[in-house]
Structure formats: structure tokens, C-alpha cells
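Chain by chain, the residues:
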Amino acid sequence: MALDQEEIYPYEKNMSIFDHIDDLRKYLFRMAVALFVGIAISFFFVQELFDILIMAPLRADFWGHELYCNLGKWIGKEELLCFTPPELSLQSTKIQGQFISAFKISFVMGLVGTFPFMLIQLWQFIKPALSALEVKKVNRSLFFASLFFFAGVLFAYFILLPVAAKFLLGYQLGPDVKNIFTINSVTGFICYMSLAGGLVFELPIIILILAKIGLISSEFLMKYWKYAVLVIFLLAGLATPPDIFSQLVLGLPLIILYFLGVYLAKRVEQDKLKNEA
């Protein structure tokens with residue numbers, strides 16, 4: 001018995017292009033309000049956030065530095081992995097410099113804090129275009145999308161930032177060049193690197209959703225896995241200090257995420273075969 005169109009697409013709305021634009025505006029407005037509230041709350045605590053979160057990776061007692069130092073002692077490479085950041089005296093070279101840095105911290109913290117809500121709003125806009133089966137499949141992925149995002153932020157903050165700080169704070173182009181860091185460059189580096197980590201960790205979730213909708217297959221991903229690994233290590237080489245350890249710190253997790261996506265895509269295909277049997 002053929003299914004009725006309304007049963008296949010129960011969330012579909014009979015809307016014109018202008019209605020869709022109006023619908024999109026509604027969800028964007030909700031996202032903007034949520035982001036504004038997140039920014040406002042973060043700005044209220046911005047001095048504490050600056051001291052506790054932004055400056056922490058630049059201190060010797062940061063958990064990430066201690067982790068690498070303990071690892072260095074364990075493998076006998078203490079001189080390579082132990083790092084004591086130099087004393088920093090940050091400067092603001094513009095009259096609005098400190099305010100811009102405060103806003104940057106508040107914006108990134110507000111965005112990270114409201115990410116699950118943003119994701120739900122975006123999903124509510126896309127959902128009417130999908131079938132009931134597709135909606136059911138994607139619904140289960142939303143929680144893991146937020147989970148992976150927060151895991152990526154933490155990974156970048158605690159694992160990647162110490163490696164990058166060790167290299168960048170210790171690098172010298174010449175003995176006559178003195179490093180004078182601005183508050184804007186430090187806050188931007190730490191905030192955006194952490195945010196980028198969260199977005200990169202969405203890779204397996206994106207693969208999962210595309211596989212559930214039928215836009216990608218595990219066969220395709222496995223066919224080109226060598227090229228994917230090559231691209232990952234090229235990106236890791238560009239984004240990290242020029243040593244094999246730093247490239248592995250970034251590259252290996254990305255490769256694991258890629259193959260996790262392949263595994264999830266394979267599971268989706270197996271579930272489809274069981275349902276069709």
C-alpha cells in the first residue's frame with residue numbers, strides 16, 4: 001500500500017519562497033537573541049574568564065603543560081616536552097583594544113555556550129524538507145553533535161594549545177627581535193583555536209548525517225581514505241609547528257575522527273539492509 005505524501009513528509013509545510021524566508025528569519029532571530037544573551041552573560045564575567053581561561057595556557061601550572069611534561073619524563077624526552085612559558089606583559093596598542101578583546105572573549109564563550117540551541121534552531125528550519133524516516137534518523141545525531149563539539153573545544157584547549165604555545169612563544173626569527181604580545185593577538189589565538197577544534201570534531205557527525213540521508217557511503221570514504229589522510233597531514237603540517245610530534249598531535253585525532261565517520265556510515269548502511277530484509 002502506497003504511503004500518503006503527508007505520512008512520508010509529515011513536517012512539510014505548504015509555503016512559498018517568501019514564507020520560507022520569513023521562517024528562516026524567525027529561527028535566525030531566535031539564534032541571535034540566544035547569542036546576545038550568551039555574550040551578555042559572558043561579558044559580565046569577562047575579567048574572570050580572561051584570568052581563568054585565556055591566561056591559563058600561558059602559565060607553567062597549566063594542566064596541558066603538566067600533561068606533556070609528565071609524558072616527556074615517562075618516555076625519557078623531558079627536554080623536548082617540558083615547557084615553562086616565559087613571563088608575559090601584554091600590551092594594548094589601540095584605545096579600544098581591551099574592549100575589543102573583552103568582546104571577543106564574550107562572543108566566543110557565548111557561541112560555545114549556546115551551540116546546542118543554535119543547532120536545534122537550524123535543525124527546526126531544515127526538518128520540514130525531510131521525510132519522517134530521515135527526521136527520525138537525524139534526530140538521534142543532534143545530541144552527539146553537541147557532545148563532539150564540546151569535546152573538540154576541550155581537546156584544542158588542553159591538548160593543542162600547549163603545543164602551539166610552546167612553539168610560538170619559543171620561536172625567534174633573530175636574536176635582535178623582541179616579542180611584544182598584544183592582548184588582542186593572545187585572546188584571538190586562544191579563543192579561535194579552541195572554537196576551531198570544536199568545529200573540526202563535527203566531522204564524524206557530518207559524515208553520519210550525510211550517510212543517513214544517502215549523500216555519502218562508506219565505500220566512497222574507504223576508496224579515497226589515502227587521499228583523506230594525506231590532506232589531513234598536510235593541514236596538520238600547516239596548522240602546527242614544524243615537528244613530527246606536533247603534527248601527530250593534530251593529525252592522528254583527525255584521522256581517528258575520519259575513520260569513526262566511516263564506521264558510522266557503515267553502521268547506517270547495515271541498518272538499512274536489515275530494515276529492507
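Reading the values: rules and limits
- Residues numbered from 1 in each chain as written.
- Predicted model: local features only at pLDDT ≥ 70, side-chain atom pairs only at ≥ 80, totals over all residues.
- Heavy atoms only, no water.
- Helix = DSSP H or I, 4+ residues; strand = E, 2+ residues; numbered from the N terminus.
- Buried < 20%, exposed > 50% of the residue type's maximum accessible area, 1.4 Å probe, protein only.
- Contact = heavy atoms within 4.5 Å.
- Areas by Shrake-Rupley, 256 points an atom, 1.4 Å probe, with all protein chains shown as cover.
- pLDDT = per-residue confidence, 0-100.
- Salt bridge = Lys/Arg side-chain N within 4 Å of Asp/Glu carboxyl O.
- Phe/Tyr/Trp six-rings, centres within 6.5 Å; stacked < 30°, edge-to-face > 60°.
- Patch = residues over 30% accessible without salt bridge, like charges linked within 9 Å, V, L, I, M, F, W, Y side chains within 5 Å.
- Polar contact = N/O pair within 3.5 Å; in protein donor to acceptor, adjacent residues only side chain to side chain.
- Arc of directions from axis to C-beta.

J.: Just to check I follow, could you spell out the overall build of the protein chain for this structure?
T.: Secondary structure summary: the protein chain contains 13 helices and zero strands in total. If you list the helices and strands of the protein chain from N to C, you get α-α-α-α-α-α-α-α-α-α-α-α-α. Here the protein chain holds 277 residues, and the buried ones make up 39% of them. Of all intrachain contacts in the protein chain linking residues separated by at least 6 positions in sequence, the fraction that spans at least 24 positions is 82%. Carbon together with sulfur atoms contributes 68% to the accessible area of the protein chain, which is approximately 17,300 Å² in total.

J.: Can you help me understand the confidence of the model for the protein chain in this one?
T.: Close inspection of predicted coordinates is inappropriate for parts of the model with low pLDDT. Looking at the protein chain, pLDDT values average 82 and 86% of them are 70 or higher. Within the protein chain, no element has a lower average pLDDT than helix H1 (residues 5-8), which sits at 48, and none a higher one than helix H6 (residues 97-113), at 95. This model gives residues 1-11 a pLDDT under 50, and the stretch forms 12 contacts once residues within four places in sequence are excluded.

J.: Would you take a moment to explain the pattern of salt bridges for this structure?
T.: Between side chains of opposite charge, a pair can form when the charged atoms approach closely. Enumeration according to the criterion identifies three salt bridges in this entry. Between Arg25 and Asp22 there is a salt bridge, and its shortest N-O distance comes to 2.9 Å. Pair noted here: Arg25 and Asp22 are both in helix H2 (residues 17-44), with a separation of three residues, about one helical turn. Classification of Asp22 as partly exposed rests on a relative accessible area of 42%. Notably, a salt bridge pairs Asp51 with Arg59, separated by 2.8 Å at the nearest N-O pair. Judged by relative accessible area, which is 41%, Asp51 ranks as partly exposed.

J.: How should the packing of aromatic side chains be read in this particular structure?
T.: Each pair of aromatic rings is reported with the distance of its centres and the angle of its planes. A complete count under the given rule lists 16 aromatic pairs for this structure. Pairing Phe62 with Tyr157 gives two aromatic rings, centres 5.4 Å apart and planes at 90°, and the pair type is edge-to-face. A residue pair is termed long-range when its members are at least 10 positions apart, and Phe62 in the loop between helix H3 (46-54) and helix H4 (63-75) and Tyr157 in helix H8 (residues 132-170) qualify at 95 residues. Here Phe62 and Tyr157 have matching classes, each one buried. Ring geometry for Phe149 and Phe150: centres 5.6 Å apart, planes at 65°, overall edge-to-face.

J.: Help me understand a nonpolar patch on the surface, please; the structure alone is not making it clear to me.
T.: Residues Phe29, Val33, Phe36, Val37, Ile41, Phe44 and Phe45 make up a contiguous nonpolar surface patch of about 770 Å² in total accessible area. Structurally, Val33 is set in helix H2.

J.: Explain the side chain of Ser218 here, please?
T.: Looking at the element boundaries, Ser218 is found in helix H11 (residues 218-223). A residue is classified by how much of its surface remains accessible, and Ser218, at 6% relative accessible area, is buried. One polar contact links Ser218 to Glu269, side chain to side chain, over a distance of 2.6 Å. Sequence-distant contacts of Ser218, defined by excluding residues within four places in its chain, comprise Val262, Ala265, Lys266 and Glu269.

J.: Please clarify how helix H10 (residues 203-213) should be interpreted in this entry.
T.: Since the α-helix turns once every 3.6 residues, residues separated by three or four places project in the same direction. Taken together, the buried positions of H10 are occupied by Pro204, Ile205, Ile207, Leu208, Ala211 and Lys212. Looking down the long axis of H10, one finds its buried residues gathered within 160° of arc, a one-sided arrangement. Gly214 lies just past H10 and shows a positive phi near 95°.

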